Amino acid sequence: MRKVTLVDVFKHRITQKYLQRSGIHHAVTVAGYALEMAVEAGVDPDLATKSALLHDMGHYEWYRDGKWDYEEYRKHDIHAIKGAERAHKLLIRLGEDRTVAKEVSLAVLLHTDSYLPFELNGKRTSLQEVVRLADEKDEQPGGLHHYKQMDKSEAIRILHQLDLEVDQADYENDVS
């Protein structure tokens, strides 16, 4: 049985603070994609959905002359590094298992290689690859996917449903 649910993670004040920056809609959508992909790939759906929900919590805003500058942001981007640290700290505060917190943190760290001087192709674990692919599936040019809106109550409703599906997938894995 899971210690911490997606709804628990989402409702925490730290999650609320950082998902406002990266986009609640994007985070919830990527979590849904990650669940589908995890089930297909035989990856732990709890780890995949938590990693996907938190994958962009390291985002920050980069302004130049008072205007959002996407190109400057991309040039100086380290959101995966900051996000991995924030995700780990958050999950530990929520009472999550330390191994789960570490795996989620690594998946957040490696969901992109945009901040690295080399590519990670062929070097990710199955979990990390699921999170990368789920994120890519929702991306839009110029980072527009971060600006889609979703009401918090709608996010909680969707995450509650995802929690039920994760529990069902875990149950089916335990039975088989």
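Just above sits the structure.
Predicted model only: the values in this text are computed from it and were never measured.

Draft legend 1. Summary view of the overall build of the protein chain. When helices and strands are tallied, the protein chain shows nine helices and two strands. Its helices and strands taken in sequence order, the protein chain reads α-α-α-α-β-β-α-α-α-α-α from the N to the C terminus. Its C-alpha radius of gyration of 15 Å places the protein chain within 12% of the 16 Å reference for a compact globule of 176 residues. Overall, the protein chain is about 55 × 40 × 30 Å in size when its C-alpha atoms are taken along their principal axes. In the structure as shown, the protein chain presents an accessible area of about 9400 Å², 50% of it carried by carbon and sulfur atoms. The averaged location of the 31 negative side-chain charges in the protein chain is 7 Å from the averaged location of its 24 positive side-chain charges.

Draft legend 2. Seen up close, the packing of helix α4 (residues 45–54) against helix α8 (residues 126–138). The geometry of α4 relative to α8 is characterised by a closest axis approach of 9 Å and an angle of 45 degrees between their N-to-C directions. With respect to their mutual orientation, α4 and α8 come out oblique. Crossing of α4 against α8: the hand is right-handed. Side by side, α4 and α8 meet where L47, A48, S51 and A52 of the first sit next to L127, V130 and V131 of the second. Of the residues assigned to the contact of α4 with α8, the class counts are six nonpolar, one polar and no charged.

Draft legend 3. Broad picture of helix α2 (residues 13–22). Residues of α2 that are buried: I14, T15, Q16, Y18, L19 and S22. Two residues or fewer after α2 comes G23, characterised by a positive phi angle close to 105 degrees.

Draft legend 4. Geometry of a positive patch on the surface. On the surface, a cluster of positive charge is contributed by R13, K17, R21, K82, K89 and R93. Taken together, the elements giving at least two residues each to the positive patch come down to α2 and α6 (79–93). Residue position: R93 is located in helix α6.

Draft legend 5. Structural detail: the packing of aromatic side chains. Inspection of the entire model under this criterion finds zero aromatic pairs. Residue placement shows K137 over the ring face of Y33; its charged tip is 4.5 Å from the ring centre.

Draft legend 6. Quick peek at the nonpolar core. Grouped together as the largest cluster of nonpolar side chains are 42 residues, with contacts concentrated most on L53, L54 and L159. Those elements that place two or more of their residues in this core are α1 (6–11), α2, α3 (24–41), α4, α6, α7 (98–109), α8 and α9 (152–175). A total of nine residues in this core trace back to one element, the largest contributor, which is α3.

Draft legend 7. Molecular detail of the side chain of H12. Note that H12 resides in the loop between α1 and α2. Ignoring anything within four residues of it in the chain, the contact list for H12 reads L90 and L94.

Draft legend 8. How the structure looks around the pattern of salt bridges. Scanning the entire structure with this criterion turns up nine salt bridges. R124 is paired through a salt bridge with E129; the nearest N and O atoms lie 4.0 Å apart. On the accessibility criterion, E129 (25% relative accessible area) is partly exposed. What emerges from the salt-bridge pattern is a single network uniting R2, D46, K50, E96, D163 and D167.

Draft legend 9. Quick look at the packing of α3 against α8. At a minimum axis distance of 8 Å, the contact between α3 and α8 shows a crossing angle of 130 degrees. Judged on the interaxial angle alone, α8 and α3 are oblique. At the point where α3 passes α8, the crossing takes the right-handed sense. Across the interface between the two elements, H26, T29, V30, Y33, A34, E36, M37, A38 and A41 from α3 touch V130, L133, A134, D135, K137 and D138 from α8. Of the residues assigned to the contact of α3 with α8, the class counts are nine nonpolar, two polar and four charged.

Reading guide: rules and limits
- Residues numbered from 1 in each chain as written.
- Predicted model: local features only at pLDDT ≥ 70, side-chain atom pairs only at ≥ 80, totals over all residues.
- Heavy atoms only, no water.
- Helix = DSSP H or I, 4+ residues; strand = E, 2+ residues; numbered from the N terminus.
- Rg over C-alpha atoms; globule rule 2.2 N^0.38 Å.
- Areas by Shrake-Rupley, 256 points an atom, 1.4 Å probe, with all protein chains shown as cover.
- Lys, Arg positive; Asp, Glu negative; His and termini not counted.
- Charge placed at Lys NZ, Arg CZ, Asp CG, Glu CD.
- Axes fitted to C-alpha atoms, helices over the stretch in contact; angles between N-to-C directions.
- Parallel < 35°, antiparallel > 145°, perpendicular 65-115°, else oblique.
- Left-handed = near helix turned anticlockwise from the far one by under 90°.
- Contact = heavy atoms within 4.5 Å.
- Nonpolar A, V, L, I, M, F, W, Y, C, P; charged D, E, K, R; others polar.
- Buried < 20%, exposed > 50% of the residue type's maximum accessible area, 1.4 Å probe, protein only.
- Patch = residues over 30% accessible without salt bridge, like charges linked within 9 Å, V, L, I, M, F, W, Y side chains within 5 Å.
- Salt bridge = Lys/Arg side-chain N within 4 Å of Asp/Glu carboxyl O.
- Phe/Tyr/Trp six-rings, centres within 6.5 Å; stacked < 30°, edge-to-face > 60°.
- Lys NZ or Arg CZ within 6 Å of the ring centre and 35° of its normal.
- Core = buried A, V, L, I, M, F, W, Y, C linked by side-chain atoms within 4.5 Å.

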